[in-house]
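# Examining the three-dimensional arrangement
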Amino acid sequence: MSLYDDAVLVLKGYEDQEELRQAYLDHLAAHPDGMWKACHAGHVTASALVIDPSRDRVLLTLHRKLRMWLQMGGHCEPEDASLEAAAVREATEESGISGLTLLPGGPVRLDRHPIPAPCHWHFDVQYAVAAPPGAVQAISDESLDLRWFAYDEVADAADESVVRLLEATRVRL
């Protein structure tokens, strides 16, 4: 199964955010290259909120380009077998933590947001992953910093999209 086919299947099975989910599906139907950064009309990305083993903190990255505290995530790559695989790969690369485990149940939420030209939109499919006990993070080239935030600290550090992802993740937990 191609990554495109996996994305369509995942989105068709996602039961929340109906209008936004349909916008993702419409985008992919109109853009067969909609999984890739080269699609200037917008492209699907995959991200994951990293949760510590005690489930009372999340790891956020201070994004090098955007200078914002965000969850780990980014562009899909040709070697990604699925959106889940892309989200775990991105979270692993950006956090430096191996052994991340996806929370069951598929995507936690969707978040479409504008990005600078030449592209116009990220259609982000957001997951949550649990870090293993004893996990130690390591800053990647894409990040200025990594930091664990208690749930009640996230709203003061990150934007509303990260807060909504945390809220949806806590419901899933």
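Check the entry above for the structure.
The sections below set out a description of the structure shown in this document. Only a predicted model underlies this, so the values are computations on that prediction, with no experimental measurement involved.

### A look at helix α2 (residues 18-30)
Taking 1.5 Å per residue as the helical rise, α2 with its 13 residues ought to reach 18 Å, and the 18 Å between its terminal C-alpha atoms agrees with that figure. Residues of α2 that are buried include every one of L20, R21, Y24, L25, H27 and L28, and no others. End-on view of α2: buried residues confined to an arc of 155 degrees, all on one side of the axis. Opposite the packed face of α2, turned more than 90 degrees from it, sit the exposed residues E19, A29 and A30. In this structure, the buried side of α2 is in contact with α1 (3-13), β1 (43-51), β6 (109-114) and β7 (121-130).

### Let's talk about the layout of surface pockets
Of the voids in this model, the largest pocket is the one considered here, and its volume is about 930 Å³. Residue lining of the largest pocket: 35 residues in total, with H63, L66, H75, I115 and H122 positioned closest to the centre. A total of four residues in the lining of the largest pocket trace back to one element, the largest contributor, which is strand β4 (residues 72-75). Taken together, the residues of the lining of the largest pocket break down into 10 nonpolar, 14 polar and 11 charged.

What counts as what
Residues numbered from 1 in each chain as written. Predicted model: local features only at pLDDT ≥ 70, side-chain atom pairs only at ≥ 80, totals over all residues. Heavy atoms only, no water. Helix = DSSP H or I, 4+ residues; strand = E, 2+ residues; numbered from the N terminus. Expected span 1.5 Å × (residues − 1). Buried < 20%, exposed > 50% of the residue type's maximum accessible area, 1.4 Å probe, protein only. Arc of directions from axis to C-beta. Contact = heavy atoms within 4.5 Å. 1 Å grid on protein atoms, 1.4 Å probe; cavity = no way out; pocket = protein on both sides within 12 Å on 5 of 7 lines; lining within 4 Å. Points joined across faces, edges and corners; volume = space filled by probe spheres on them. Nonpolar A, V, L, I, M, F, W, Y, C, P; charged D, E, K, R; others polar.

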